[in-house]
Amino acid sequence: MLTPDYDRSIVNLISALAGSRAPAADLYPPLAQLEDARCEQRPVALLVIDGLGYQFLQQFPDSALARHTVQRLTSVFPTTTATAVTALALGVPAQQHGITGWFTYLRELGAVVAPLPFMPRGGGGYYSDLGLSADQMLDAGPLLPSLNRRVQVSSPAYISDSDFSRALYGGVSKAPHQNLIQLFDQLTAGLRQRRTPLVWGYWTELDALAHQYGSNSPAVIAHFTEIDRLFERWLTTLAGLDALVLVTADHGLIDVNDDQQLLLEQHPDLGTMLRLPLCGEPRAAFCYLRPGAQDDFEGYFSERFSDLFELVPSVQLLEQQLFGRGEPSPRLRDRIGDVTVLAKQQAIIKDRLLQERPF
């Protein structure tokens, strides 16, 4: 299993950008590749392209993005948007921020929650309608407002002012975008401001298309080609600004074959051993077991799915520092269940609540 390298991960990239304001540079040192980049003394653009992994990019060696690649980074664990985007924004991984996947069990709410929309798994009302705030889920505060520079975040209009975005980015200037051209225009305008600005762009459509059609589908390749074309054109508009342009993904993507999907609805005996729905994400599922069910749960996997999954006591992942280094978030242990199902090869495990559409 490929594990995060917390000396050359997306968190180390943020430590380099934050400089003296990095929240945990002793644990996650600044990325060595940026040691001489003068990150704090010049305009900086960070463009996060959701899902644009290194392996995908290597299929297009003649692309502008591939030609400008200087280093392969690892993401964080679990390797999913909810955990990784939070790490990018706050400068620390799940070990400190506490968001452990697309679905996270929050004992303080008594529910399995989808953190990004900040609502119960399976839908329903937003927790913000109950007077709660997404920052109450987090054990780390927003980093960007603490930087001694002008900061602008350009994210899709549909999430720009969401409760979770406010928790991640604090009160910095926001520039919602409706399309890719508008995103690059906003980044350019932000870089032309005074006081060595930091502009932060976030593009979600590549990831969305890959989930819908597959990571090597014609739709995804066509969209990547458009991103690359506009990226190369954008660089030419920045001549003379002495700007540092950084591009990263939050995570990569793989495609999953039908015969490597474990759907719990097809294994009701397995489902009865769980006291909560699956948490985390489909390649790292945190399982909360009924008392006395652990031996049967492990035996079921050992007999039927040993080629697809590995079962690990969740506390062992903490000991192996997969979530990060240093003292863990005080709520992290509650959010990783009893046993973690780790996928091998291209496998995933999924369950479905009654109100959720079939996968």
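What counts, and where the lines are drawn
Along each chain, the written sequence defines residue order, and numbers are assigned to residues from 1. This being a predicted model, a pLDDT of at least 70 is required before a residue's local features are given, and a value of 80 or more before pairs of side-chain atoms are given or counted; all residues contribute to the totals for chains, interfaces and linings. Derived side-chain values reflect all non-hydrogen atoms in the structure, with water molecules and hydrogen atoms excluded from consideration. In DSSP terms, a helix is any run of H or I states spanning at least four residues, a strand is any run of E spanning at least two, and both are numbered starting from the N terminus. All radius of gyration figures rest on C-alpha atoms, and the globule criterion is 2.2 Å times the number of residues raised to 0.38. Relative accessibility under 20% of the residue-type maximum defines a buried residue, over 50% an exposed one, and the middle range a partly exposed one, all with a 1.4 Å probe and only protein chains included. Contacts are assigned to residue pairs that have any heavy atoms within 4.5 Å of one another. In this tally, Asp and Glu contribute negative charge and Lys and Arg positive charge; neither His nor the terminal groups of the chain are included. Charge coordinates come from a single atom per side chain, which is NZ of Lys, CZ of Arg, CG of Asp or CD of Glu. By definition here, a helix of n residues has an expected span of 1.5 Å times n minus one. Distance and chemistry together define a polar contact, namely a pair of N or O atoms within 3.5 Å, with one atom able to donate a hydrogen and the other to accept it when in protein, and with adjacent residues in sequence counting only for side-chain atoms on both sides. To qualify as a nonpolar core, a set must consist of buried Ala, Val, Leu, Ile, Met, Phe, Trp, Tyr and Cys residues joined through side-chain atoms within 4.5 Å. Each pair of aromatic rings taken from Phe, Tyr and Trp, with Trp reduced to its six-membered ring, is defined by centres within 6.5 Å and is described as stacked if the planes are under 30 degrees apart, edge-to-face if over 60, and tilted in the remaining cases. Any cysteine sulfur atom paired with another within 2.5 Å is treated as part of a disulfide. For two strands to pair, DSSP has to find at least two bridges joining them. Helix axes are fitted to C-alpha atoms over the stretch in contact, other axes to C-alpha atoms as well, and angles between N-to-C directions run from 0 to 180 degrees. Any angle between 65 and 115 degrees counts as roughly perpendicular, while under 35 counts as roughly parallel, over 145 as roughly antiparallel, and the rest as oblique. The residue classification treats Ala, Val, Leu, Ile, Met, Phe, Trp, Tyr, Cys and Pro as nonpolar and Asp, Glu, Lys and Arg as charged. All others, Gly included, are polar.

Caption draft 1: View of the overall build of the protein chain. The helix and strand tally for the protein chain stands at 13 helices and 14 strands. Here the C-alpha atoms of the protein chain give a radius of gyration of 20 Å, agreeing with the 21 Å that 2.2 N^0.38 yields for 359 residues. Looking at the protein chain as a whole, 53% of its 359 residues qualify as buried. Long-range contacts, defined here as pairs at least 24 residues apart, represent 71% of the contacts in the protein chain between residues at least 6 apart. Taking the average location of the 29 positive side-chain charges in the protein chain and that of its 40 negative ones, the two points are 7 Å from each other.

Caption draft 2: Quick peek at helix 10 (residues 218–237). In a regular helix each residue adds 1.5 Å, so 20 residues correspond to 28 Å; helix 10 covers 29 Å between its end C-alpha atoms and thus fits that length. Within helix 10, burial applies to Val220, His223, Phe224, Ile227, Asp228, Leu230, Phe231 and Trp234.

Caption draft 3: Fine view of the side chain of Glu356. With respect to the helices, strands and loops of the structure, Glu356 is situated in the segment after strand 14 (348–350). Side chain to side chain, Glu356 and Arg121 meet in a polar contact 2.9 Å long. Once residues lying within four places of it in the same chain are set aside, the contact partners of Glu356 are Phe103, Arg121, Gly122 and Asp351.

Caption draft 4: Just the side chain of His267, in detail. Examined against the element boundaries, His267 turns out to sit in the loop between strand 9 (261–263) and helix 11 (268–271). Using a relative accessible area of 17% as the deciding quantity, one classes His267 as buried. When near neighbours in sequence (up to four residues on either side) are disregarded, His267 contacts Leu262, Tyr300 and Phe305.

Caption draft 5: Spotlight on the nonpolar core. In terms of nonpolar packing, the biggest core is built from 51 residues, with Leu144, Tyr169 and Trp200 touching the most fellow members. Excluding residues within four positions of it along the chain, Trp200 makes contact with Ile14, Leu46, Val48, Leu88, Ala89, Leu144, Gln152, Val153, Ser154, Tyr169 and Leu187. Membership of the second largest hydrophobic core comes to 30 residues, among which are Leu57, Trp203, Leu206 and Ile227.

Caption draft 6: Region of interest: the packing of aromatic side chains. As enumerated under the stated definition, the model contains 15 aromatic pairs in all. A centroid spacing of 5.2 Å and a plane angle of 65° characterise the contact between Tyr105 and Tyr288, whose relative ring orientation is edge-to-face. With a gap of 183 residues between them, Tyr105 in strand 2 (residues 104–106) and Tyr288 in the loop between strand 11 (284–287) and helix 12 (294–304) connect regions that are remote in the sequence. Neither Tyr105 nor Tyr288 differs from the other in exposure class; each is buried.

Caption draft 7: Inspection of the state of the cysteines at higher detail. All told, the structure shown has zero disulfides when counted by the stated rule. In this structure Cys279 is not part of a disulfide, and its nearest cysteine sulfur, from Cys287, lies 8.6 Å away. For Cys279, a relative accessible area of 2% translates into the label buried. Taking the relative accessible area as the measure of exposure, Cys287 reaches 1% and is therefore buried.

Caption draft 8: Just helix 8 (residues 180–191), in detail. End to end, helix 8 covers 17 Å across 12 residues, agreeing with the expected 16 Å (1.5 Å per residue, within 8%). Those residues of helix 8 not exposed but buried are Leu180, Leu183, Phe184, Gln186, Leu187, Thr188, Gly190 and Leu191. At its buried positions, helix 8 is contacted by strand 1 (44–49), strand 5 (151–154), strand 7 (198–203) and helix 10. Its side-chain oxygen at 3.3 Å from the backbone nitrogen of Ile181, Asn179 defines the N-terminal cap of helix 8.

Caption draft 9: Just the sheet that holds strand 4 (residues 119–120), in detail. Judged by pairing direction, the sheet is antiparallel, and its three strands sit side by side in the order 2-3-4 without closing on themselves. With one partner strand each, in any of the chains shown, strand 2 and strand 4 form the two edges of the open sheet.

Caption draft 10: Layout of the pairing of strand 5. What you see with strand 5 is no split at all: Val151 and Val153 on one side and Gln152 and Ser154 on the other are buried throughout. In this structure, strand 5 lies alongside strand 6 (residues 173–174), joined through two bridges in parallel fashion. What sits directly across from Gln152, in strand 6, is Ser173.

Caption draft 11: Here's a closer look at the sheet that holds strand 12 (residues 309–313). Strands sit in the order 10-11-13-12 across an open sheet of four strands; the sheet is antiparallel. The open sheet has two edge strands, strand 10 (279–281) and strand 12, and neither has a second partner. Taken over all neighbouring pairs, the strand axes of this sheet differ in orientation by 20° on average, direction set aside. As defined by bridge partners, strand 12 adjoins strand 13 (residues 339–343) across five bridges and the pair is classed as antiparallel. Residue pairing in the sheet places Phe309 in a bridge with Ala343 of strand 13.

Caption draft 12: Focus on the packing of helix 9 (residues 205–213) against helix 10. In the contact formed by helix 9 and helix 10, the axes pass within 9 Å of each other and the chain directions differ by 170°. The angle between helix 9 and helix 10 places the two elements in the roughly antiparallel class. Residue-level inspection shows Glu205, Leu206, Leu209, Ala210 and Tyr213 of helix 9 in contact with helix 10, the latter providing Ala219, Val220, His223, Phe224 and Ile227. A breakdown of the residues in the contact of helix 9 with helix 10 according to their chemical character gives eight nonpolar, one polar and one charged.

Caption draft 13: Fine view of the environment of Leu147. On the secondary structure map, Leu147 appears in the loop between strand 4 and strand 5. Judged by relative accessible area, which is 9%, Leu147 ranks as buried. Sequence separation of Leu147 and Asp269 is 122 residues, and the distance between their C-alpha atoms is 52 Å.

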